[in-house]
Number of protein chains: 2
Amino acid sequence: MQTELSRRLGIEHAIFGFTPFPAVAAAISRAGGFGVLGAVRYSAPDELARDLDWMQEHVDGRPYGLDVVMPAKKVEGVSEADVEAMIPEGHRQFVRDVLAKHGVPEPAEGEASGWRITGWMEQVARSQLDVAFDYPIKLLANALGSPPADVIRRAHDRDVLVAALAGSARHARKHAEAGIDIVVAQGYEAGGHTGEIASMVLTPEAVDAVTPLPVLAAGGIGSGRQIAAALALGAQGVWLGSLWLTTTEADLHSPALTRKLLAAGSGDTVRSRALTGKPARQLRTEWTEAWDDPQGPGALPMPLQGLLVADAVSRIQKYEVQELLGTPVGQIVGRMTSERAVQDVFDDLTRGFERAVDRVNRIAGRGRHA
Amino acid sequence: MQTELSRRLGIEHAIFGFTPFPAVAAAISRAGGFGVLGAVRYSAPDELARDLDWMQEHVDGRPYGLDVVMPAKKVEGVSEADVEAMIPEGHRQFVRDVLAKHGVPEPAEGEASGWRITGWMEQVARSQLDVAFDYPIKLLANALGSPPADVIRRAHDRDVLVAALAGSARHARKHAEAGIDIVVAQGYEAGGHTGEIASMVLTPEAVDAVTPLPVLAAGGIGSGRQIAAALALGAQGVWLGSLWLTTTEADLHSPALTRKLLAAGSGDTVRSRALTGKPARQLRTEWTEAWDDPQGPGALPMPLQGLLVADAVSRIQKYEVQELLGTPVGQIVGRMTSERAVQDVFDDLTRGFERAVDRVNRIAGRGRHA
């Protein structure tokens, strides 16, 4: 499965795997794809360095990348405390009420939150980059649009390709104008932040908007048939995130959450502002229902909502409170029905792709299949 | 573009075109696809007979089908007047207020509504079938799930295949159990009534749920690339509706509406209950915004909403009230940028499909393209 982009990056298959777990990212690269480590959960630069050291030892010399969450617009001199101060007390009370209603235990005295969103603050993302550029990463992806111009320059100086997520052809065009190298077209069905245009429509629109820049299709892809479909739509590769969450190398720190993911169907996700303040697809839970309820206070804008709910989400995950427990994941969750090794999942993708190509050739009356 | 289903129906390309316009349906069949005439707007059986006579003369002997909107569950002894009586006065007033706000002229004395939804009443759909079975139709599609068992039997006695729309794998399985022959998997991005699962995810789920029954992919398809993608996903053909609305053979009776469709982008539609009471994708207008406004009364359930708004929608269309003027259409509306003949559109689809197959073969390293 070779495209111009896969050849440029020196990978065997144009399959990009986004994951917060170094073991998963390394396994994707070793399998012949391109592993992209999500940095948003690293608040301390030395933790990121430690995991990149580990990656470096476990990718067998294969290329890999890093995904950060960096706003293109700088907000000067605003601290986390300033942002915290903007959160209305009524919203804080609503969080306490929802947690109390579901019997979520209080955190132990002095216990730190295990789930922070500080990676979304530009300062934190920049300190992550200072670390990452010491490693031979080949790709830097940004989940919040184009990175700032100086970051793009810094990446290009090191021969690092820059990718940015886009939910519309207009976003894709803006990224191209900002000088990025790859557009990740994130369809409505994708996990995490998404727009409303589905991959079937978005992928070719993004391709037509930025050609000759390569587009990766993201959203709804978790089988070889879907990879073949995305490539038929004009993508130069696919970007998969959800599918790896239930691999044996993933470490969700919650068996109950893994069970929920394995049991969920494609209709069990919702595009909700509950987690970050921007619409992000995730498992539908009592938590998302509470924030999406027109009778409730509703989610705050980004970044307020993320700060508001950080501790609560951490407690829900730690105590595995079944009805509130969720995670960003796409509609492809319906395909994730057993825990399997990354290599097994990857082999299924490449074999399924070959079968799908056979099928399309039969229908088109081509070659040995005609 | 040949699948088992296209061979069974004796058509050249596995492209099914749904349209309310006989001239469009006939042109699709003549072009080598399969034209399906939507019957919902016919309230008088003799009008349908007149248009089927016309179709019969203009399809050059090619096969075609009919689409009805028939509820699987019978509601005995309920007349249109009974249903009308269930509409709250507050909702009627809201309709009057919205129309007045936008200066929609009153209908002339004694003028009949040009837009009725009586085709959704089972009695009307059954009288349509009495007409249709006198013609050599090859397919009967139902937009509201499986038709009643006696209708399926009647169709099968006449060698008419029965198709039913499904928005989830569960729906698809229910249709298969009801004895239908073809599942039309209607993705989130489709025009008209849709669920929340996007085509990229829904198509293979529906295929896996009902194999060996054939699945047609609907939603988001308006180019050869998208057809190749749908077939890679496992569909035995594609079902296109929106794309024909701006063909020269279509007769929307409103140049302003045609201009709106040509100007709209993929982000200019919304899944709204404004028109029928069930979520249906359509152009986003001040009309849909009014019904989707949490401050407003909200849409009534089907079939009340359809009856409530019938006259209003008719007046909006007749007087071409720009900001209220809309129509069911899918996200593919962004691709509809010029008025063209059905044959031209069709040729683009088949040529684009061949190019997409070339592309996928190049990526897979197959055949003459490797």
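Residues numbered from 1 in each chain as written. Chains lettered and ligands numbered in written order. Predicted model: local features only at pLDDT ≥ 70, side-chain atom pairs only at ≥ 80, totals over all residues. Heavy atoms only, no water.

Chain A is annotated in an unreviewed UniProt entry as Monooxygenase of Streptomyces alfalfae.

What follows concerns the sheet that holds strand β10 (residues 269-272) of chain B. Residues and elements named next belong to chain B. The 3 strands are arranged β7-β11-β10 in an open sheet whose pairing can be described as antiparallel. Unpaired on one side and paired on the other, β7 (192-193) and β10 mark the two borders of the sheet. Where β7 and strand β11 (residues 280-283) come together, 2 bridges link them in antiparallel fashion. Bridge pairing in β11 places H193 opposite A280. (Pairing = 2+ DSSP bridges. Helix = DSSP H or I, 4+ residues; strand = E, 2+ residues; numbered from the N terminus.)

We now examine the relation of the copies chain B and chain A. With an RMSD of 0.0 Å, the operation that places chain B on chain A is a rotation of 180° combined with a shift of 0.0 Å along the axis. Look at the turn and shift together and you get a two-fold axis relating the two. Looking at the rotation axis and the C-alpha trace of chain B, the residue lying nearest is A229(B), at 1.9 Å. Most of the interface of chain B is mirrored in chain A, where 100% of its interface residues again form contacts. (Least-squares fit on C-alpha atoms with pLDDT ≥ 70 in both. Contact = heavy atoms within 4.5 Å.)

All names here are of chain B. On the basis of which strands lie adjacent, the closed barrel formed by 8 strands has the order β1-β2-β3-β4-β5-β6-β8-β9 and parallel pairing. Strand-to-strand twist across the sheet, computed as the mean angle between neighbouring axes with direction ignored, equals 25°. Pairing analysis gives 3 bridges linking strand β1 (residues 15-19) to strand β9 (residues 237-240), with the strands arranged parallel. Looking across to β9, one finds that I15 is bridged to V238. Where helix α2 (residues 22-30) meets the sheet, its contacts fall on β1, β2 (34-38) and β3 (64-68), and the angle it forms with β2 comes to roughly 165°. (Axes fitted to C-alpha atoms, helices over the stretch in contact; angles between N-to-C directions.)

Bringing the nonpolar core into the picture now. Core analysis: the largest hydrophobic core is formed by 136 residues, its most contacted members being W287(A), F353(A), W287(B) and F353(B). Sequence-distant contacts of W287(B), that is, excluding residues within four places in its chain, are made with V95(B), V98(B), L99(B), A274(B), V309(B), A312(B), V313(B), I316(B), E323(B) and L324(B). (Core = buried A, V, L, I, M, F, W, Y, C linked by side-chain atoms within 4.5 Å. Buried < 20%, exposed > 50% of the residue type's maximum accessible area, 1.4 Å probe, protein only.)

Before going further, it helps to examine the interface of chain B and chain A. Between chain B and chain A, the contact holds 47 residues from the first and 47 residues from the second. When chain B packs against chain A, close to 3,900 Å² is buried across both sides, 54% of that on carbon and sulfur atoms. Together, M200(B), I363(B) and R366(B) form the three largest contributors to the area buried by chain B at its contact with chain A, with a combined 18%. Taken together, chain B and chain A are joined by 8 salt bridges. (Buried area = accessible area lost by both parts, 1.4 Å probe. Salt bridge = Lys/Arg side-chain N within 4 Å of Asp/Glu carboxyl O.)

This part takes up a negative patch on the surface. Residue and element names in this part refer to chain A. There is a patch of like negative charges on the surface, built from E286, E289, D292, D293 and E323. Tracing the chain through its elements places E289 in helix α12 (residues 286-292). The exposure class of E289 is partly exposed, given its relative accessible area of 41%. (Patch = residues over 30% accessible without salt bridge, like charges linked within 9 Å, V, L, I, M, F, W, Y side chains within 5 Å. Areas by Shrake-Rupley, 256 points an atom, 1.4 Å probe, with all protein chains shown as cover. Lys, Arg positive; Asp, Glu negative; His and termini not counted. Charge placed at Lys NZ, Arg CZ, Asp CG, Glu CD.)

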